[in-house]
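# Coordinates in review
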Amino acid sequence: ECQLAKGGIMPKTLRAKALETIQKLARISAADDNGYCKCVSCGKLDHYKNMDGGHFIPKGSSSRWALEESNVNPQCKGCNGFSMKHGSAEAQYTLWMIDWVGKDQVEHMLATKNDPVKFYAADYREMIADWSEQIKAHERRLGERGRLK
């Protein structure tokens, strides 16, 4: 039975929280020491907080790749939205992926995108905890979080 949180808002599902976390990790891990990263589709440079964590294999069509770090990379909001469906961003992302992970891996990702993968609550919690620790390390690197003692 689903319970509403305070204010009548549904709490985030573990999958939604994992997606949010991996998208932040993709942006912050690609950021330089000033917090800037490049869109993998158009090359636009912007602060990681203004970018999206764009999925090469769309998250809606693939449980197999939705939560794989290699599938999520920084994209500007324009490329991650309209341009992925109606512009050249998808083609540019594909070329970037081939350069980054290689043609064989891109072909493997595309060939297996419909393979079912079952994640359990414990899997999501483990992913969220791991990625959150990586994010904290990057926040310290960028001076956004106190240093370790």
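The structure presented is a predicted model; accordingly, all values stated were derived computationally and were not measured.

Thresholds, definitions, all that
- Residues numbered from 1 in each chain as written.
- Predicted model: local features only at pLDDT ≥ 70, side-chain atom pairs only at ≥ 80, totals over all residues.
- Heavy atoms only, no water.
- Phe/Tyr/Trp six-rings, centres within 6.5 Å; stacked < 30°, edge-to-face > 60°.
- Helix = DSSP H or I, 4+ residues; strand = E, 2+ residues; numbered from the N terminus.
- Buried < 20%, exposed > 50% of the residue type's maximum accessible area, 1.4 Å probe, protein only.
- Lys NZ or Arg CZ within 6 Å of the ring centre and 35° of its normal.
- Axes fitted to C-alpha atoms, helices over the stretch in contact; angles between N-to-C directions.
- Parallel < 35°, antiparallel > 145°, perpendicular 65-115°, else oblique.
- Left-handed = near helix turned anticlockwise from the far one by under 90°.
- Contact = heavy atoms within 4.5 Å.
- Nonpolar A, V, L, I, M, F, W, Y, C, P; charged D, E, K, R; others polar.

## Here we look at the packing of aromatic side chains
Counting across every chain of the model gives four aromatic pairs. Seen in terms of ring centroids, tyrosine 93 and tryptophan 96 are 6.4 Å apart; in terms of plane orientation they differ by 70 degrees. Their pairing is edge-to-face. Of this pair, tyrosine 93 and tryptophan 96 are both found in helix α4 (residues 89–101), three residues apart, which corresponds to roughly one turn of the helix. Here tyrosine 93 falls in the buried class, since its relative accessible area comes to 0%. Relative to tyrosine 124, the ring of phenylalanine 119 lies with its centre 5.6 Å away and its plane at 50 degrees, an arrangement referred to as tilted. Sitting above the plane of the tryptophan 65 ring, arginine 64 keeps its charged end 4.0 Å from the centroid. A cation sits over an aromatic face here: lysine 118 above tyrosine 120, 5.4 Å from the ring centre.

## What to know about the packing of helix α1 (residues 14–30) against helix α6 (residues 121–141)
Helix-helix packing is described using two parameters, namely the angle between the two axes and the distance between the axes. The contact between α1 and α6 brings their axes to 9 Å, and the two run at 25 degrees. On the basis of their axis angle, the class for α1 and α6 is roughly parallel. Note that α1 runs across α6; the crossing there is left-handed. Contacts between α1 and α6 involve Leu14, Arg15, Lys17, Ala18, Thr21, Ile22, Lys24, Leu25, Ile28 and Ser29 on the former and, on the latter, Ala121, Tyr124, Arg125, Ile128, Trp131, Ser132, Gln134, Ile135, His138, Glu139 and Arg141. Classifying every residue of the contact of α1 with α6 gives 10 nonpolar, five polar and six charged.

## So, the packing of α4 against helix α5 (residues 103–111)
Relative orientation of the contacting elements α4 and α5 amounts to 120 degrees, with a least axis distance of 7 Å. The pairing of α4 with α5 is recorded here as oblique in orientation. Across the interface between the two elements, Met97, Ile98 and Val101 of α4 pack against Lys103, Gln105, Val106 and Met109 of α5.

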